[in-house]
Amino acid sequence: MARAGDKPVATVSRRGEGYIGQPGQAQPPPGSRPDGHCPRRGPARGAAGPDPVSPQLADSEFAPVFRLLTIFAYGTYADYLAEAANLPPLTEAQKNKLRHLSVVTLAAKIKCIPYSVLLEQLQLKNVRQLEDLVIEAVYADVLRGSLDQRNQRLEVDYSIGRDIRREELSSITRTLQEWCQGCEVVLSGIEEQVSRANQHKEQQLALKQQIESEVANLKKTIKVTTAAAAAATSQDPEQHLTELREPASGTNQRQASKKTSKAKGLRGSAKIWSKSN
């Protein structure tokens, strides 16, 4: 398949006839890859650069061949079948090439393509032919995926890109602008979350400093009060604190001794009562 930017079959001559080997035949250029793609010397793949030869071919006697090349660039195998009566015939290899590109077009719309859709779009007779075609496309690096025979579908992980029509550029530009706007919204949300996290951190640090300051003030107050009480009794502050703790333990000891003496008294009275009996 020869397109703008591809290596031509022959040197370009008057009105672009050099792109055509013989009238009525679409010949792939020499050196093309197994998938039909050929080395490019012009714009990168997917570009919609100017093609001065295209208007000449569209209005020349080679218009059917130009239409066929256009289908290979943008269309599908179903498009070729719809216009097959007005287009040059294809070899079996060229048909498979166009079928590969048709699968790529479907993969751009849906990643899990049912076998029924593929069989209808590619006009294949059975599943065996379909699976062989997909395996051939995988080996040609046209797509990557897996055949789910249980669920009768093709799961596509990756596929090459098709050429872009000029009328599609506005839609692509709009999609990219929407994507950029979405990225800006996400970045704005992230910045807002970071700002909230920083504010919360500052509030927690201020609260921690406030609590530490209050604890320090309480310690100072207790120390001053203890020192004043010790000075009033002419005692060392540490000794005063020790005495403040001791009465509680002395009281507990006195209570324990009272319970012990009371128990002894009860046992003694019991002995006296038994002797009197």
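One can find the structure itself at the top, above this paragraph.
Bear in mind the structure is a predicted one, so any value in this text is a computation, not a measurement. (Residues numbered from 1 in each chain as written. Predicted model: local features only at pLDDT ≥ 70, side-chain atom pairs only at ≥ 80, totals over all residues. Heavy atoms only, no water.)

### Brief notes about the overall build of the protein chain
Where we set the bar: We count a stretch as a helix when DSSP gives it H or I for four or more residues in a row; a strand needs E for two or more, and each element gets its number in order from the N terminus. Classification of residues uses two cut-offs on accessible area relative to the type maximum, computed with a 1.4 Å probe and protein chains only: under 20% is buried, over 50% is exposed, and between them is partly exposed. Working rule for contacts: check all heavy atoms of both residues, and any pair within 4.5 Å makes them a contact.
Helix and strand content of the protein chain: eight helices and three strands. Each helix and strand of the protein chain, placed in order from N terminus to C terminus, yields the pattern α-α-α-α-β-α-α-β-β-α-α. The burial tally for the protein chain puts 26% of its 277 residues in the buried class. By sequence separation, contacts in the protein chain at least 24 residues apart represent 56% of the contacts at least 6 residues apart.

### What to know about the nonpolar core
Convention followed: For the purposes of this section, nonpolar cores are sets of buried Ala, Val, Leu, Ile, Met, Phe, Trp, Tyr and Cys residues that join through side-chain atoms within 4.5 Å.
By size, the foremost hydrophobic cluster in this structure holds 19 residues, and its most contacted members are Val-103, Ile-113, Leu-118, Leu-122, Leu-130, Val-142 and Leu-154. Of all elements in the fold, only α4 (92–107), α5 (115–122), α6 (127–139) and β3 (153–159) reach the threshold of two or more residues within this core. Among the nonpolar cores identified, the runner-up in size contains nine residues, and Leu-68, Ile-71, Tyr-80 and Leu-87 belong to it.

### Details of the packing of aromatic side chains
As a reminder of what qualifies: Here a pair means two rings of Phe, Tyr or Trp (six-membered ring of Trp) with centres within 6.5 Å. Their orientation is stacked below 30 degrees between planes, edge-to-face above 60, and tilted elsewhere. In our convention, an over-ring charge means Lys NZ or Arg CZ found within 6 Å of a ring centre and within 35 degrees of that ring's normal.
Taken as a whole and assessed by the stated rule, the structure comprises one aromatic pair. An angle of 35° between the planes, with centres 6.2 Å apart, marks the rings of Tyr-77 and Tyr-80 as tilted. A residue pair is termed a helical-turn pair when its members lie 3 or 4 positions apart in one helix, as Tyr-77 and Tyr-80 do in helix α3 (residues 77–82) at three residues. In this structure Tyr-77 comes out as buried when scored by relative accessible area, which is 4%. Of the residues examined, Tyr-80 reaches a relative accessible area of 6% and is grouped as buried. The ring of Tyr-77 carries Arg-99 above its face, with NZ or CZ at 4.4 Å from the centroid.

### Considerations on the pairing of strand β2 (residues 143–148)
We count it as follows: Note on pairing: DSSP must find at least two bridges between two strands before they are called paired.
Inspection of the sheet shows β2 paired to β3 by six bridges, in the antiparallel sense. Of the residues in β3, the one forming a bridge with Ser-146 is Glu-155. What sits between the antiparallel neighbours β2 and β3 is a turn of four residues, in which Gln-152 has the positive phi angle 55°.

### What to know about the state of the cysteines
Cut-off, in case you're wondering: In plain terms, two cysteine sulfur atoms within 2.5 Å form what is called a disulfide here.
Counting across every chain of the model gives zero disulfides. Considering cysteine sulfurs only, Cys-183 is the nearest to Cys-180, which forms no disulfide, with 6.2 Å between them.

### What about a nonpolar patch on the surface?
Rule in force here: Patch members must show over 30% relative accessible area and no salt bridge, and they are joined within 9 Å when carrying like charges or within 5 Å when they are nonpolar side chains of Val, Leu, Ile, Met, Phe, Trp or Tyr. Each accessible area is a Shrake-Rupley estimate made with a 1.4 Å probe; only the visible protein chains count as cover when residues are assessed. Salt bridges are identified by distance alone: a Lys or Arg side-chain nitrogen within 4 Å of an Asp or Glu carboxyl oxygen.
On the surface, a cluster of nonpolar side chains totalling about 360 Å² of accessible area is made up of Val-186, Leu-187, Ile-190 and Val-194. Within the secondary structure, Leu-187 is located in helix α7 (residues 169–232). Overall, the relative accessible area of 52% leaves Leu-187 in the exposed class.

### Section: the packing of α5 against α6
Helix-helix packing is characterised by the crossing angle of the two axes and by the distance between the axes. Defined as follows: In this analysis an axis means a line fitted to C-alpha atoms, helices contributing only their contacting stretch, and an angle means the value between N-to-C directions, from 0 to 180 degrees. Angles below 35 degrees are treated as roughly parallel, those above 145 as roughly antiparallel, those between 65 and 115 as roughly perpendicular, and all remaining angles as oblique. Nonpolar residues are Ala, Val, Leu, Ile, Met, Phe, Trp, Tyr, Cys and Pro. Charged residues are Asp, Glu, Lys and Arg, and all others, Gly as well, are polar.
Contact geometry of α5 with α6 gives a least axis separation of 10 Å together with a crossing angle of 85°. Taken together, the axes of α5 and α6 lie roughly perpendicular to each other. For the pair α5 and α6, contact is made by Tyr-115, Leu-118, Leu-119 and Leu-122 and by Val-127, Leu-130, Glu-131 and Leu-133, respectively. Residue composition of the contact of α5 with α6, grouped by class: seven nonpolar, no polar and one charged.

### Topic: the side chain of Thr-226
Along the chain, Thr-226 falls in helix α7. Taking the relative accessible area as the measure of exposure, Thr-226 reaches 12% and is therefore buried.

### What about α4?
Note the following rule: Helix span, as expected, comes to 1.5 Å for every residue beyond the first.
Compared with an ideal rise of 1.5 Å per residue, which puts 16 residues at 22 Å, α4 spans 23 Å between its outermost C-alpha atoms and is within 8% of the ideal. With 13 of its 16 residues buried, α4 lies for the most part within the structure.

### Observations concerning the pattern of salt bridges
Two side chains bearing opposite charge may form a pair once their charged atoms approach each other closely. One pass over the full model with this rule turns up seven salt bridges. Here Arg-67 and Glu-83 are joined by a salt bridge, their closest N and O atoms 2.7 Å apart. Here the residue Arg-67 occupies a position in helix α2 (residues 63–74), and Glu-83 occupies one in the loop between α3 and α4, the gap between them amounting to 16 residues. For Arg-67, a relative accessible area of 29% translates into the label partly exposed. A relative accessible area of 28% means that Glu-83 is categorised as partly exposed. In this structure, Glu-192 and Arg-196 form a salt bridge, with 2.7 Å as the shortest nitrogen-oxygen distance.

### Describing unusual backbone geometry
A negative phi angle is the norm for most residues apart from glycine, just as the trans form is the norm for most peptide bonds. A positive phi angle is found at Gln-123, which is not glycine, with a value near 55°. Structurally, Gln-123 can be placed in the loop between α5 and α6. Given a relative accessible area of 47%, Gln-123 falls into the partly exposed group. Positive phi values are uncommon outside glycine, yet Gln-152 reaches one of about 55°. Checked against the element boundaries, Gln-152 lands in the loop between β2 and β3.

These figures capture arrangement, not role.
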